[in-house]
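Spelled out, the chains give:
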Amino acid sequence: GWGLLVCRAILALLAAEDPPKAELVRLRFFVGLTNAEAAKVLGLSEPTVKRYWDFARAWLLREIRVLAAGTHQNGENREWTRMDANRDEADDAAA
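For every chain, the first residue of its written sequence is number 1, and the numbers climb from 1 along that sequence. In view of the model being predicted, local features appear only for residues whose pLDDT reaches at least 70, and side-chain atom pairs are presented and counted only at 80 or more, with totals across whole chains, interfaces and linings using the full set of residues. Only hydrogens and water are set aside when side-chain values are computed; all heavy atoms of the structure are taken into account.

### A look at helix α2 (residues 19–31)
Here is step 1 of the chain: Only DSSP runs of H or I covering at least 4 residues are called helices, and only runs of E covering at least 2 are called strands; the numbering of each starts at the N terminus. Working rule for helices: expected span equals 1.5 Å times residues minus one. Helix length check: α2 (13 residues) gives 17 Å between terminal C-alpha atoms against 18 Å at 1.5 Å per residue, within 8%.
Here is step 2 of the chain: Immediately beyond the C-terminal end of α2, within one or two residues, lies glycine 32, with a positive phi of roughly 90 degrees.

### As for the environment of isoleucine 10
Here is step 1 of the chain: Summarising the element assignment, isoleucine 10 is placed in helix α1 (residues 2–17).
Here is step 2 of the chain: Relative accessible area serves as the criterion here: at 2%, isoleucine 10 is assigned to the buried category.
Here is step 3 of the chain: Separated by 51 residues in the primary sequence, isoleucine 10 and leucine 61 place their C-alpha atoms 9.6 Å from one another.
Here is step 4 of the chain: Residues in contact with isoleucine 10, not counting those within four places in the same chain, are Trp59, Leu60, Glu63, Ile64 and Leu67. For every residue, the accessible area obtained with a 1.4 Å probe (protein chains only) is divided by the maximum for its type, and the residue is called buried under 20%, exposed over 50%, and partly exposed between those limits. Should any heavy atoms of two residues lie within 4.5 Å, those residues are counted as being in contact.

### A look at the packing of α2 against helix α3 (residues 35–42)
Here is step 1 of the chain: Put simply, α2 and α3 touch, their axes get as near as 10 Å, and they point 130 degrees apart. Relative to α3, the element α2 is oriented oblique. Where α2 crosses over α3, the handedness of that crossing is right-handed. Taken together, the residues of α3 that come into contact with α2 (itself represented by Glu23, Leu24, Leu27 and Arg28) are Asn35, Ala38, Val41 and Leu42.
Here is step 2 of the chain: Under the grouping applied here, Gly and all other residues not named as nonpolar or charged are polar, the nonpolar ones being Ala, Val, Leu, Ile, Met, Phe, Trp, Tyr, Cys and Pro and the charged ones Asp, Glu, Lys and Arg. Among the residues forming the contact of α2 with α3, the class breakdown is five nonpolar, one polar and two charged. Between the N-to-C directions of two axes lies an angle of 0 to 180 degrees, each axis being a line fitted to C-alpha atoms and, for a helix, fitted only over the stretch in contact. Here roughly perpendicular refers to angles of 65 to 115 degrees, roughly parallel to angles under 35, roughly antiparallel to angles over 145, and oblique to all remaining angles. Left-handed describes a crossing in which the near helix is turned anticlockwise from the far one by less than a right angle; the clockwise case is right-handed.

Encoded structure:
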């Protein structure tokens, strides 16, 4: 559904800005790991993973709000369309 497509698109934005935090979100959200389990997989301390998770959650929430509003904090139009979702899926399949 649209919710998953939007989530994937926003996660792609995070991956472009901060790949380690995006990987943590993937592990927590899609794989279902705890912070402790993700820390082991990523080779990070649990406190670092908690900081990453707190940051990523706040960042994702901000981006969801930006998408809902249709503009980015710098005024750039950040409207998300089905074409963007299809492009993101194609990029994921190629990776």
